[in-house]
Amino acid sequence: MGDAVASVTTGARTIDADFALIGHQESWRTAADVLAVLRGPERTPLPDEEIKDILPWIPPRAVCHVDVGSIIRTKSGAARARGLYIDSFIPPDRLEAAYVHENIARVRGAAACAIKAGAKIVSLGGFSSILIEGNFDQLPERHHTVFTTGNTLTVAFIVQGIQKMCALEGRNLSRSTLLIVGATGDVGSGCARCLAPIVKRVLLSARKVERLRRLAAELQDDGVQVEVATDLQQFSTEADVVICAASLASPSLLLGRIAPDAIVCDAGYPKNLSPTAEMLDAKVFFGGLGQITGGMKFTPDFHGVLNRHPFPDVVHGCLLEGMALALEHRFEAFSQGRGFITQERVDEIGTIAARHGIYLAPLYNADGPLEDGLDARWNGREDESMGERPSRTVGRIERRTSGHRRSSHVRADLMGGLSAPYFI
Ligand SMILES: NC(=O)c1ccc[n+]([C@@H]2O[C@H](COP(=O)([O-])OP(=O)(O)OC[C@H]3O[C@@H](n4cnc5c(N)ncnc54)[C@H](OP(=O)(O)O)[C@@H]3O)[C@@H](O)[C@H]2O)c1
């Protein structure tokens, strides 16, 4: 990709990029760490309450460059793509419907940054795609920039994760009852279409019954046994495989009646499952995540801050989709709209990603890795494209002691402190 990697012209405040990733932080902790990097090590760290006060005032903006390497070699070395991570700075406690207009404006602002940077493709991470769904006309005028929700690659990694976890646990998927929470969503319905044909029975759950019935009818036409319920307690049977893909503003889901040793994939961002959910024997893993084996570099260095996983170069599938398409030079809106994800499209994006060394990430959950992640793909391969080989552990994120300046000063200081050359 060497030649296709565009130049940075900070003087003119434009940055040509192959791709842009639009995201937001899922907790105050991660938001605080992002701000700490942005402000630089020389600045006094902000106390938590001041971070909560000032974050809503920060406009969407590009926070770092992202360089991603492929395993495909060209004459000039590994194929690469160059992009930007743009944070919409949606406050983590404002994902509810009450803030929808404010949040759409933030995603719109982030989209404007991506367009201004000349990004050829933009991935809409987390709630960005949910907010902009049905509001694509509200995005700024764009001529050479396409948007993808990234949900097709997310579905690919959720499905692969379920299959891998079943294999690790010696379960036979064809004898399983699969429950999908958030089944009528873009991610949930994509998972349903891919997995329903290979399980014994499917339980679909969401709040709106009409949409559940429509999806159930579609699956039943293909001979699948389906039950729908808006209340998880209403299903006639226990699930032994569960996918949580509901668009919850915070981790609040209690699954209730599932098999005690059920395999549970939490694919939500923010996570779906409540930390108080008691699932002692359940095999829970975080789903929809992929790993870039061709290397990834953030400038400034946000490793372990933007991607906080126990394995290196792990990224959410929605963001990886834009990167994979950029490496492939396929600048198209691969995933758009709700409910159009099919097995064929999932296979197609999975193949594109794998061609560039983007695979299902090693499985893990809140307690840590569920496998060692020492994958054969790493063996004997030095990461020439990006310099050093990625380390196996995520660097410790330092939490520095609180400063005591007043919020108004800090706000002004913060705005000034974000004018590093990488910002547009
Ligand atoms: N892991 C990843 O890489 C990745 C990538 C993309 C998205 N995601 C996450 O996946 C989740 C779903 O995304 P999406 O794009 O599919 O969203 P979506 O299209 O808006 O669908 C959301 C689904 O959740 C249901 N839902 C919403 N609130 C609910 C509640 N309180 N209880 C039960 N069901 C509820 C919705 O149906 P009703 O409205 O009828 O309830 C719908 O079925 C989000 O958390 C998103 O951030 C993760």
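Conventions and cut-offs
- Residues numbered from 1 in each chain as written.
- Predicted model: local features only at pLDDT ≥ 70, side-chain atom pairs only at ≥ 80, totals over all residues.
- Axes fitted to C-alpha atoms, helices over the stretch in contact; angles between N-to-C directions.
- Helix = DSSP H or I, 4+ residues; strand = E, 2+ residues; numbered from the N terminus.
- Parallel < 35°, antiparallel > 145°, perpendicular 65-115°, else oblique.
- Left-handed = near helix turned anticlockwise from the far one by under 90°.
- Contact = placed C-beta atoms within 7 Å.
- Nonpolar A, V, L, I, M, F, W, Y, C, P; charged D, E, K, R; others polar.
- Expected span 1.5 Å × (residues − 1).
- Buried ≥ 20, exposed ≤ 12 C-beta atoms within 10 Å, placed from the backbone.
- Pairing = 2+ DSSP bridges.
- Near = placed C-beta within 6 Å.
- Domains from an automatic or database assignment.

S.K.: Could you give an account of the packing of helix H5 (residues 151-168) against helix H6 (residues 186-195), with specific residues and numbers?
M.R.: Interaxial distance between H5 and H6 falls to 9 Å at its minimum, and their mutual angle equals 50°. Classified by the angle between their axes, H5 and H6 sit oblique to one another. Read as a crossing pair, H5 and H6 show a hand that is right-handed. In this structure, H5 contributes Asn-151, Thr-152, Thr-154, Val-155, Ile-158, Val-159 and Ile-162 to the contact, and H6 contributes Asp-186, Val-187, Gly-190, Cys-191, Cys-194 and Leu-195. Split by residue class, the contact of H5 with H6 holds eight nonpolar, four polar and one charged.

S.K.: Tell me what's going on with H5, and back it up with residues and numbers.
M.R.: Between the first and last C-alpha of H5 there are 25 Å, a value that for 18 residues agrees with the 26 Å anticipated at 1.5 Å per step. Among the 18 residues that make up H5, 13 are buried, leaving the element largely enclosed by the rest of the structure. Positioned one or two residues after H5, Gly-170 has a phi angle of 65°, which is positive.

S.K.: Outline the sheet that holds strand E14 (residues 289-292), supporting the account with residue identities and numerical values.
M.R.: Strand order in this open sheet of three strands is E16-E14-E17, and the pairing throughout is antiparallel. Here the strands that pair on one side only, and so sit at the sheet edges, are strand E16 (314-316) and strand E17 (358-360). Strand-to-strand twist across the sheet, computed as the mean angle between neighbouring axes with direction ignored, equals 40°. Sitting on the sheet, H5 is in contact with E14 and E17, with an inclination near 45° to E17.

S.K.: Outline the site of the ligand, supporting the account with residue identities and numerical values.
M.R.: Taken together, 30 residues sit near the ligand, with Gly-182, Gly-185, Arg-207, Gly-288 and His-316 positioned nearest. Mapped by element, the contributors of at least two residues to the shell around the ligand are helix H4 (127-132), H5, H6 and helix H8 (317-327). Of the residues in the shell around the ligand, the class split is twelve nonpolar, 13 polar and five charged. In this structure, the shell around the ligand is formed jointly by two domains, domain 1 (2-152 + 289-378) and domain 2 (154-286), each of which donates at least three residues.

S.K.: Account for the environment of Ile-71, naming residues and giving values.
M.R.: Mapped onto the elements, Ile-71 comes out in strand E4 (residues 61-74). In this structure, the C-alpha to C-alpha distance between Ile-71 and Gly-295, residues 224 residues apart in sequence, is 8.8 Å. Beyond its immediate stretch of four places on either side in the chain, Ile-71 contacts Thr-293, Gly-294, His-356 and Gly-357.

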